[in-house]
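Coordinate analysis (summary)
Next come the chains, spelled out residue by residue.
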Amino acid sequence: MTSLTFLMRIILAGVFIYSGFSKLIAPVENFVAVIESYQFLKPPFIYPIAFALPWFELIFGTFLLTGFLSRLSAAMLGFFSMLFIGLLSRSLFLKLPIT
């Protein structure tokens, strides 16, 4: 592994660890409100996603940082990133008030 690859892995892992941790220490209602603002999920699915997603970010970010299951972790974090970009693009296209 090159130094640049290792550095990028550390940075990406740090971003997801920070993101997951910051969502976990805040009240879940804050993240629920963010998810609701995208107007994508039906109400019964919002709370389970709001509870699970921060844990996935934290766990897969930690796995990527430590090198444990790094390919799976990178794939999952890439999927989360693409999903977020897609939802953000959809929201901007629909002119939804995303904060």
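Everything that follows concerns the structure shown earlier in this document.
All of the points below concern the structure found in this document. (Residues numbered from 1 in each chain as written. Predicted model: local features only at pLDDT ≥ 70, side-chain atom pairs only at ≥ 80, totals over all residues. Heavy atoms only, no water.)

In this structure, the largest pocket encloses a volume near 600 Å³. Along the wall of the largest pocket there are 20 residues; nearest its centre are Phe31, Leu53, Leu83, Phe84 and Leu87. For the lining of the largest pocket, the per-class residue count stands at 16 nonpolar, 2 polar and 2 charged. (1 Å grid on protein atoms, 1.4 Å probe; cavity = no way out; pocket = protein on both sides within 12 Å on 5 of 7 lines; lining within 4 Å. Points joined across faces, edges and corners; volume = space filled by probe spheres on them. Nonpolar A, V, L, I, M, F, W, Y, C, P; charged D, E, K, R; others polar.)

This brings us to unusual backbone geometry. Phi at leucine 69 is positive, roughly 50°, even though this residue is not glycine. Within the secondary structure, leucine 69 is located in the loop between α3 (43-66) and α4 (70-93). In the Ramachandran plot, lysine 95 falls in the positive-phi region, its phi being about 60° despite a non-glycine side chain. (Helix = DSSP H or I, 4+ residues; strand = E, 2+ residues; numbered from the N terminus.)

Attention now moves to a nonpolar patch on the surface. A cluster of nonpolar residues, Leu4, Leu7, Met8, Ile11 and Val15, forms a patch on the protein surface that exposes about 480 Å² of accessible area. Within the element layout of this structure, valine 15 appears in helix α1 (residues 3-25). Overall, valine 15 belongs to the partly exposed group, its relative accessible area being 48%. (Patch = residues over 30% accessible without salt bridge, like charges linked within 9 Å, V, L, I, M, F, W, Y side chains within 5 Å. Areas by Shrake-Rupley, 256 points an atom, 1.4 Å probe, with all protein chains shown as cover. Salt bridge = Lys/Arg side-chain N within 4 Å of Asp/Glu carboxyl O. Buried < 20%, exposed > 50% of the residue type's maximum accessible area, 1.4 Å probe, protein only.)

In the structure shown here, the tally under the stated rule is 7 aromatic pairs. Relative to phenylalanine 80, the ring of phenylalanine 56 lies with its centre 6.3 Å away and its plane at 35°, an arrangement referred to as tilted. With phenylalanine 56 in helix α3 and phenylalanine 80 in helix α4, this pair connects stretches of sequence that are 24 residues apart. (Phe/Tyr/Trp six-rings, centres within 6.5 Å; stacked < 30°, edge-to-face > 60°.)

The next point concerns the side chain of arginine 9. Structurally, arginine 9 is set in helix α1. One buried charged residue, arginine 9, forms no salt bridge at all, with the nearest opposite charge on glutamate 57 at 18 Å. Among the polar contacts listed, one links the side chain of arginine 9 to the backbone oxygen of leucine 65, at a separation of 3.4 Å. (Lys, Arg positive; Asp, Glu negative; His and termini not counted. Polar contact = N/O pair within 3.5 Å; in protein donor to acceptor, adjacent residues only side chain to side chain.)

To continue, consider the environment of glutamate 29. Within the secondary structure, glutamate 29 sits in helix α2 (residues 28-37). Judged by its relative accessible area of 45%, glutamate 29 falls in the partly exposed class.

Glancing now at the packing of α2 against α3. Look at α2 against α3: their axes get within 9 Å of each other, and the N-to-C directions meet at 115°. α2 and α3 meet at a crossing whose hand is right-handed. Here Val28, Glu29, Phe31, Val32, Ile35 and Glu36 of α2 lie close against α3, whose contacting residues are Ile46, Tyr47, Ile49, Ala50, Phe51, Leu53 and Pro54. Across the contact of α2 with α3, the residue classes break down as 11 nonpolar, no polar and 2 charged. (Axes fitted to C-alpha atoms, helices over the stretch in contact; angles between N-to-C directions. Left-handed = near helix turned anticlockwise from the far one by under 90°. Contact = heavy atoms within 4.5 Å.)

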